[in-house]
Amino acid sequence: LIFTSFFYESALIYYNIIVDLSWTICYVSAEFACTQKGKRVDFSGMKSIEDAAELLRKAENNVTNPTAEGNPFGYLKMMCPEFSNAIDLIINYWNTFGNSLIRNRYNFCKHKGKPSYSEIEELRGGRLMGIYFQNKDTNDKIQIASDIRDVQLQFSLFEAIDELRQFDDNELFPYINSLFKELEDVIKPSPMI
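Here the structure is a predicted model, which means the values were calculated and not measured. (Residues numbered from 1 in each chain as written. Predicted model: local features only at pLDDT ≥ 70, side-chain atom pairs only at ≥ 80, totals over all residues. Heavy atoms only, no water.)

## Things to note about the overall build of the protein
Item 1. What the protein contains, in helices and strands, is 8 helices and 4 strands.
Item 2. When the helices and strands of the protein are listed from N to C terminus, the series reads α-α-α-α-α-β-α-β-β-α-β-α.
Item 3. The C-alpha radius of gyration of the protein comes to 23 Å, more than 25% above the 16 Å expected for a compact globule of 193 residues.
Item 4. When the backbone C-alpha atoms are referred to their principal axes, the protein occupies close to 80 × 35 × 30 Å.
Item 5. Looking at the protein as a whole, 32% of its 193 residues qualify as buried. (Helix = DSSP H or I, 4+ residues; strand = E, 2+ residues; numbered from the N terminus. Rg over C-alpha atoms; globule rule 2.2 N^0.38 Å. Buried < 20%, exposed > 50% of the residue type's maximum accessible area, 1.4 Å probe, protein only.)

Structure below.
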């Protein structure tokens, strides 16, 4: 179960990275298609590895959450209206995905650490001790947090794996596939790619 949890967390992170990279691929494609040093890019010439890498690094630094204030997608839609469908696809997808359970779990792992899985906790058994206070007015016992497991985010590992599979099949793959088709229609990449 512990190794399964490691694989789940890796998959969770990779899937979310794919979503984030979808913004980058669109932005970089639009930026490169629109201008290079203030002029429309001529795709007939080849770039050296160093020049191509430098251009890509500069463009990547401009990418932020699709709905963040100051995000360059609005500007790119004005400058390159042919990218409007791709940009709208990204923004619409982000509006539904940004607050999803899968994104929230990813952000938890990224910013707060490892969650607890109910299947693993069941195998650990009960607690050695607990600290309780009794409310004098109601005579109710209140357990005090005395172990990390008391407050750690916990969910079912197997349910989370199933949710991730469904996310891949029903949301992520169709989104990425649609985005790539939109970008290919606009960019018309070389047959060498």
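## Re helix α5 (residues 101–112)
Item 1. With 12 residues, α5 extends 15 Å between its outermost C-alpha atoms, agreeing within 8% with the 16 Å of an ideal straight helix rising 1.5 Å per residue.
Item 2. For α5, the set of buried residues is I102, R103, R105, Y106, F108 and C109.
Item 3. The first or second residue beyond α5 is G113, which carries a positive phi of 110 degrees. (Expected span 1.5 Å × (residues − 1).)

## Let's talk about the packing of aromatic side chains
Item 1. Tallied over the entire structure, the rule returns 10 aromatic pairs.
Item 2. Residues Y93 and F97 carry aromatic rings whose centres are separated by 5.5 Å and whose planes lie at 20 degrees to one another, so their mutual orientation is stacked. Within this pair, Y93 and its partner F97 are both found in helix α4 (residues 84–97), separated by 4 residues, close to a single helical turn.
Item 3. The exposure class of Y93 is buried, given its relative accessible area of 10%.
Item 4. Pairing W94 with F97 gives two aromatic rings, centres 6.3 Å apart and planes at 65 degrees, and the pair type is edge-to-face. Separated by 3 residues within a single helix, W94 and F97 lie in helix α4, roughly one turn from each other. Grouping residues by exposure puts W94 and F97 together as buried.
Item 5. Pairwise contacts between aromatic rings join Y15, W23, Y93, W94, F97, F167 and Y175 into one cluster.
Item 6. The ring of F155 has R105 lying over it, and the distance from NZ or CZ to the ring centre is 3.7 Å. (Phe/Tyr/Trp six-rings, centres within 6.5 Å; stacked < 30°, edge-to-face > 60°. Lys NZ or Arg CZ within 6 Å of the ring centre and 35° of its normal.)

## What about the nonpolar core?
Item 1. Grouped together as the largest cluster of nonpolar side chains are 37 residues, with contacts concentrated most on Y8, V19, W23, F73, F167, L172 and Y175.
Item 2. For this core, the secondary structure elements donating two or more residues are α1 (2–34), α3 (73–79), α4, α5 and α8 (157–187).
Item 3. Discounting residues that sit within four places of it in the chain, F73 has contacts with W23, C26, Y27, P66, I87 and I90. (Core = buried A, V, L, I, M, F, W, Y, C linked by side-chain atoms within 4.5 Å. Contact = heavy atoms within 4.5 Å.)

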